[in-house]
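Residues per chain are reported as follows:
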Amino acid sequence: MANSSLGSLGAKVVVISSSDENHPPENIIDGTTQTFWMSTGLFPQEFIIRFTESTNVSAVTIESYNVKHLKLEKNTSQSASQFESITEKEFEHVTGCLQSNTVPLNGIDATHLRFIITSGHDHFVSVHRVSVQL
């Protein structure tokens, strides 16, 4: 089952490495690609999404611009600390449209998912939507 709006499920962006008031981090989970969060230009950039309870996630889809390398981590505690590495993915550069990448997670349990963008195809990156497959 795919969920287009993590926000409607009660998920929250609880940590963000940079923020622009015109493109707040909540845009990542609002279910639309028309809004977005944009980095401030240095790497790494990261954000952490917290679910309301431990959630079994089979895949994550991230729609973005200019993301080159992404690391995914998880934890199952109530605090956003002590993360465990899940996977890393290299994104191809796409011109003129959003990158859409689905990362299989094989049914991991997570209370928090940490997304670390270690590099970009340009100085700035944007994340338009993150959705999960449960």
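How each quantity is defined
- Residues numbered from 1 in each chain as written.
- Predicted model: local features only at pLDDT ≥ 70, side-chain atom pairs only at ≥ 80, totals over all residues.
- Heavy atoms only, no water.
- Core = buried A, V, L, I, M, F, W, Y, C linked by side-chain atoms within 4.5 Å.
- Buried < 20%, exposed > 50% of the residue type's maximum accessible area, 1.4 Å probe, protein only.
- Helix = DSSP H or I, 4+ residues; strand = E, 2+ residues; numbered from the N terminus.
- Contact = heavy atoms within 4.5 Å.
- Salt bridge = Lys/Arg side-chain N within 4 Å of Asp/Glu carboxyl O.
- Pairing = 2+ DSSP bridges.

A. Local environment of the nonpolar core. Grouped together as the largest cluster of nonpolar side chains are 27 residues, with contacts concentrated most on Phe47, Ile49, Phe115 and Val130. Taken together, the elements giving at least two residues each to this core come down to strand 4 (45–65), strand 5 (67–75), strand 7 (99–120) and strand 8 (126–133). The element best represented in this core is strand 7, accounting for seven residues. Not counting chain neighbours up to four residues away, the residues in contact with Ile49 comprise Leu6, Ala11, Lys12, Val13, Ile28, Ile29, Thr111, His112, Leu113, Phe115 and Val130.

B. A look at the side chain of His69. The topology assignment puts His69 in strand 5. If we ignore the near neighbours within four places in the chain, the residues touching His69 are Glu88, Lys89, Glu90, Ile116, Ile117, Thr118 and Ser119.

C. Representation of the pattern of salt bridges in the model. Scanning the entire structure with this criterion turns up three salt bridges. One salt bridge in this structure joins Glu63 and Arg129, with 2.8 Å as the shortest N-O distance. Placement of the pair is Glu63 in strand 4 and Arg129 in strand 8, with a sequence separation of 66 residues. As far as burial versus exposure is concerned, Glu63 and Arg129 are alike and both buried. Residues Arg114 and Glu73 are paired through a salt bridge, measuring 3.0 Å at the closest nitrogen-oxygen approach. Remark: Glu73 occurs in strand 5 and Arg114 occurs in strand 7; sequence separation between them is 41 residues. Residue Arg114 is classed as partly exposed on the basis of its relative accessible area of 22%. Here the residues in one salt-bridge network are Glu46, Glu73 and Arg114, joined through shared partners.

D. Main features of the pairing of strand 5. Most of strand 5 sits out of view: seven of its nine residues are buried. By the bridge criterion, eight bridges tie strand 5 to strand 7 in an arrangement that is antiparallel. Bridge pairing links Val67 to Gly120 in strand 7. Relative to strand 6 (residues 84–90), strand 5 runs antiparallel, the two being bridged by six bridges. Bridge pairing links His69 to Glu90 in strand 6.

Remember, this is a structural readout, not a statement about activity or role.
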